[in-house]
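Understanding the architecture of this molecule
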Amino acid sequence: MHPWRYAHASVLGTAHVASGQPCQDAHAVRLIVTGQDEPLLLLVTSDGAGSAAFSQEGSRLVCDETIRWLEMRLCGADAQEFLRAEDAIGLVYNLRTLLTNHAEDRGITLRDLACTLSAAAVLPDRQWFVQVGDGATVIQPVGGVPSVVFWPDNGEYANMTYFVTDVPDTHVHAVVTRADLERVALLTDGLQTLALSLRDRAAHAPFFEPMFRAVESLPAVGTEEHAQLNAGLAAFLDSPAVNARTSDDKTLILASRRAPPLSTPTQVRSDDPSVEPYPAGVRVP
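Chains are numbered independently. Their residues run from 1 in the order of the written sequence. For a predicted model such as this one, the threshold for reporting local features is a pLDDT of at least 70, and the threshold for listing and counting side-chain atom pairs is 80 or more; totals across whole chains, interfaces and linings nevertheless cover every residue. Hydrogens and water molecules were not included; the side-chain quantities draw on all heavy atoms of the structure.

**Here we look at the overall build of the protein**
Convention followed: Here a strand is any run of E in DSSP of at least two residues, a helix any run of H or I of at least four, and the numbering for each starts at the N terminus. Relative accessibility thresholds used throughout: buried, under 20% of the residue-type maximum; exposed, over 50%; partly exposed, between the two (1.4 Å probe, protein chains only). The criterion used for residue contact is that any of the two residues' heavy atoms lie within 4.5 Å. Note on areas: these come from Shrake-Rupley sampling with a 1.4 Å probe, and a residue is covered only by the protein chains present in the view.
Scanning the protein for helices and strands turns up seven helices and 14 strands. For the protein, the residues scored as buried account for 49% of the 285 residues in total. For the protein, the proportion of contacts with a sequence separation of at least 24, taken over those separated by at least 6, is 72%. Just so you have it, the protein exposes about 12600 Å², and 51% of that area is on carbon and sulfur atoms.

**Regarding the pattern of salt bridges**
What counts, and what does not: Throughout this description, the term salt bridge denotes a Lys or Arg side-chain nitrogen within 4 Å of a carboxyl oxygen of Asp or Glu.
Inspection of every chain in the model, using the stated rule, returns 15 salt bridges. Among the ionic pairs, Asp 64 bridges to Arg 60, the shortest N-O distance being 3.0 Å. In this pair, Asp 64 and Arg 60 both sit in helix H2 (residues 55-75), four residues apart, roughly one turn of the helix. By relative accessible area, Asp 64 is classed as partly exposed at 41%. For Asp 200, the salt bridge is made with Arg 199, and the minimal N-O distance between the two is 3.4 Å. Judged by relative accessible area, which is 47%, Asp 200 ranks as partly exposed. Looking at Arg 199, the relative accessible area reads 76%, which means it is exposed.

**Remarks on the nonpolar core**
Put simply, the rule is: Nonpolar core, defined: a set of buried Ala, Val, Leu, Ile, Met, Phe, Trp, Tyr and Cys residues in which side-chain atoms within 4.5 Å join the residues together.
Of all hydrophobic cores here, the largest spans 34 residues; its most connected members are Leu 42, Leu 117, Trp 128, Val 130 and Val 132. Listed by contribution, the elements that provide at least two residues to this core are strand S2 (25-33), strand S3 (39-47), H2, helix H3 (87-106), strand S4 (117-122) and strand S5 (127-132). Filtering out sequence-adjacent residues up to four positions away, Val 132 remains in contact with Val 92, Thr 116, Leu 117, Tyr 162, Phe 163, Val 164, Val 167, His 171 and Val 172. Counting residues in each nonpolar core, the second largest holds 27 residues, with Ala 136, Leu 196, Ala 203 and Leu 254 among its members.

**What about the pairing of S2?**
Consecutive residues of a regular strand have side chains that alternate between opposite faces of the sheet. Rules: Note on pairing: two strands pair once DSSP finds at least 2 bridges between them.
Taken together, the nine bridges between S2 and S3 define a ladder with antiparallel strand orientation. Note that in S3 the partner of Val 29 across the bridge is Leu 43.

**Some points on the environment of Gly 13**
With respect to the secondary-structure elements, Gly 13 resides in the loop between strand S1 (5-11) and helix H1 (14-19). Residue Gly 13 is classed as buried on the basis of its relative accessible area of 0%. Sequence spacing of Gly 13 and Asp 238 is 225 residues, and the spatial spacing of their C-alpha atoms is 7.7 Å.

**Structural notes on the confidence of the model for the protein**
To be explicit about the condition: For every residue, the predictor assigns a confidence score, pLDDT, that lies between 0 and 100.
Of all residues in the protein, 89% attain a pLDDT of 70 or more, and the chain-wide mean is 91. Counting contacts from residues 266-281, a segment whose pLDDT is below 50, to residues more than four positions away or on other chains yields 24 contacts.

**Here's the deal with the sheet that holds strand S12 (residues 250-256)**
Think of a sheet as strands paired side by side through backbone hydrogen bonds, with each pair either parallel or antiparallel. This is how it is decided: Interaxial angles span 0 to 180 degrees and are taken between N-to-C directions of axes, which are lines fitted to C-alpha atoms, for helices over the stretch in contact.
The strand order across the open sheet formed by five strands is S1-S12-S9-S6-S7, and the pairing between neighbours is antiparallel. Strands at the two margins of the open sheet, each flanked by one partner only, are S1 and strand S7 (147-148). On the sheet, helix H5 (residues 205-216) packs against S1, strand S6 (136-141), strand S9 (181-187) and S12 and is oriented at approximately 55 degrees with respect to S12.

**Overview of the pairing of S6**
Of all six residues in S6, five are buried, a share of seventy percent or more. As paired elements, S6 and S9 share six bridges and run antiparallel to each other. Residue pairing in the sheet places Ala 136 in a bridge with Leu 187 of S9. Where S6 meets S7, two bridges bridge the pair, whose relative direction is antiparallel. Opposite Val 138, over in S7, you have Val 148 as the bridge partner.

**Some details on H5**
The following threshold applies: How far a helix is expected to stretch is found by multiplying one less than its residue total by 1.5 Å.
Helix length check: H5 (twelve residues) gives 16 Å between terminal C-alpha atoms against 16 Å at 1.5 Å per residue, within 8%. Every buried residue of H5 is listed here: Phe 207, Phe 208, Pro 210, Met 211, Phe 212, Ala 214, Val 215 and Glu 216.

**What about the packing of H2 against H3?**
Any two packed helices are characterised by the angle at which their axes cross and by the distance between the axes. For clarity, the threshold we go by: Working definition: roughly parallel below 35 degrees, roughly antiparallel above 145 degrees, roughly perpendicular at 65 to 115 degrees, and oblique for all remaining angles. Helix crossings are classified by the rotation of the near helix relative to the far one: an anticlockwise turn of less than a right angle makes the crossing left-handed, while a clockwise turn makes it right-handed. Residues were grouped as follows: Ala, Val, Leu, Ile, Met, Phe, Trp, Tyr, Cys and Pro as nonpolar; Asp, Glu, Lys and Arg as charged; and all remaining residues, including Gly, as polar.
Between H2 and H3, whose axes approach to 10 Å, the crossing angle comes to 135 degrees. In terms of orientation, H2 and H3 fall into the oblique class. In terms of crossing hand, the pair formed by H2 and H3 is right-handed. Contacts between H2 and H3 involve Glu 57, Gly 58, Leu 61, Val 62, Glu 65, Thr 66, Arg 68, Trp 69 and Arg 73 from the former and Asp 87, Gly 90, Leu 91, Asn 94, Leu 95, Leu 98, Leu 99, His 102 and Arg 106 from the latter. Of the residues contributing to the contact of H2 with H3, the split by class is seven nonpolar, five polar and six charged.

If you want it as structure tokens, here you go:
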């Protein structure tokens, strides 16, 4: 398999543009090498609650702390074994303590920082996934098709979900898998109607395929081409075609270690020269 390459972006939704609110989504990506010389891919997304006054601070803190916690647990001096599903409870408690302390320092309530969480720790032969609330993680093994790890947890009522700040333990979803994964994607709920087939409760493969192929055409991360692809992904998420379907903030992380395609995916440009290119062929259900 080739090294991991990835693209990622968080963009402000049109509803928040109209109301003057900031982007309440956040994300983080890190690719490191463990003490056993294994590549470890860490991915995190968080969506701040629209009703929480400072949820953009909560989502940013949750992403940064989750990356730090995962790196410490898996690559720290005392790292000995991989994570277990039940470790997700410990992560959420740690995040809640961090948010509580931040709220006290800011003179605000814990609820003001409410946000969701999706995270993945991916080693070559084993993976750990956790989710609190809505959003989704999509994975694809070698020779397989995309699938959703956890279906968005929207609770009993419409427009309801769970947040790190007060989620009951029974709604902290976690799993350890042992698969030969070649593709992973994380997304927040602003993209659920585009990226997921709600009728089939499955990933909408035509949405992901052209964008994964664009990631796979990258020579490496940290290059000029990588920066351009990130900019193109952000432009696509903020394009009229996407904004016509969702007014929410949108975050998408795409990671692949599949071999590059035989030809570079074509790019599409808007008639507006200020709009960056984005992958062609994306089909919206």
